[in-house]
Amino acid sequence: MSQAVKSKALFARRKERVRIQIRKRAVDRVRLSVFRSGKHIYAQLIDDSKGVTLACASSLDKEVKSAVKSTSTVEAAKTVGALIAKKGKDAKVKNVVFDRGGYLFHGRVKALADAAREAGLAF
């Protein structure tokens, strides 16, 4: 098995473990889902009971791009976290469950989560 295939398989297993825990904890709560690419970071507030996205923010948004030097840094992730929390407040969302996907909780993912907590989301 090549390293790339093994890495993707491990990522998929982590993602499934996280989703199982989220299903247990997400009783009447919105899911804050994070996707991280090499250049950008994205966050969505998803209501799984209705199957709709309530709010989204990414490092591609104009407010974020103008505020940071590079969209692939921890600073950009902090800005996206604050922005998704602001949009969540506008959508009357306070309590969420954090879905980190298969990503480890450090670096940009942790920065986004901490900024969202500081800006008012509870998880």
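Not measured: the values here are computed from a predicted model.

**Student:** Please explain unusual backbone geometry as it appears in this structure.
**Tutor:** With glycine set apart, most residues show a phi of negative sign, and most peptide bonds adopt trans. Positive phi outside glycine occurs at Asp-28, with the angle close to 55°. Residue placement: Asp-28 occurs in the loop between helix 1 (3-25) and strand 1 (30-36). Its relative accessible area of 79% is what places Asp-28 among the exposed residues. Phi at Lys-92 is positive, roughly 60°, even though this residue is not glycine. Here Lys-92 lies in the loop between helix 3 (74-90) and strand 4 (96-99). Of the residues examined, Lys-92 reaches a relative accessible area of 77% and is grouped as exposed.

**Student:** Is there a simple way to explain the nonpolar core in this structure?
**Tutor:** The tendency in soluble globular proteins is for nonpolar side chains to be buried side by side. Counting 26 residues, the largest nonpolar core has Leu-32, Leu-45, Ile-84 and Leu-112 as its most contacted members. Listed by contribution, the elements that provide at least two residues to this core are strand 1, strand 2 (41-47), strand 3 (52-58), helix 3, strand 4 and helix 4 (108-118). Beyond its immediate chain neighbours, meaning those up to four positions away, Leu-45 contacts Val-30, Arg-31, Leu-32, Val-52, Thr-53, Leu-54, Ala-55, Ile-84, Gly-88, Val-96 and Leu-121.

**Student:** How do you make sense of the packing of aromatic side chains when you look at a structure like this?
**Tutor:** To describe a pair of aromatic rings, one takes the distance between the centres and the angle between the planes. Inspection of every chain in the model, using the stated rule, returns 5 aromatic pairs. Measuring from centroid to centroid gives 5.7 Å for Phe-35 and Tyr-42, while their planes differ by 40°, and the two rings are tilted. Relative to Phe-123, the ring of Phe-98 has its centre 5.3 Å away and its plane inclined at 10°; by these criteria the two rings are stacked. Placement of the pair is Phe-98 in strand 4 and Phe-123 in the segment after helix 4, with a sequence separation of 25 residues. By relative accessible area, Phe-98 is classed as buried at 14%. Among the aromatic residues, ring-to-ring pairing joins Phe-11, Phe-35, Tyr-42 and Tyr-103 into one connected group.

Quick notes on the rules
Residues numbered from 1 in each chain as written. Predicted model: local features only at pLDDT ≥ 70, side-chain atom pairs only at ≥ 80, totals over all residues. Heavy atoms only, no water. Helix = DSSP H or I, 4+ residues; strand = E, 2+ residues; numbered from the N terminus. Buried < 20%, exposed > 50% of the residue type's maximum accessible area, 1.4 Å probe, protein only. Core = buried A, V, L, I, M, F, W, Y, C linked by side-chain atoms within 4.5 Å. Contact = heavy atoms within 4.5 Å. Phe/Tyr/Trp six-rings, centres within 6.5 Å; stacked < 30°, edge-to-face > 60°.

In short, shape yes, function no, at least from these values alone.
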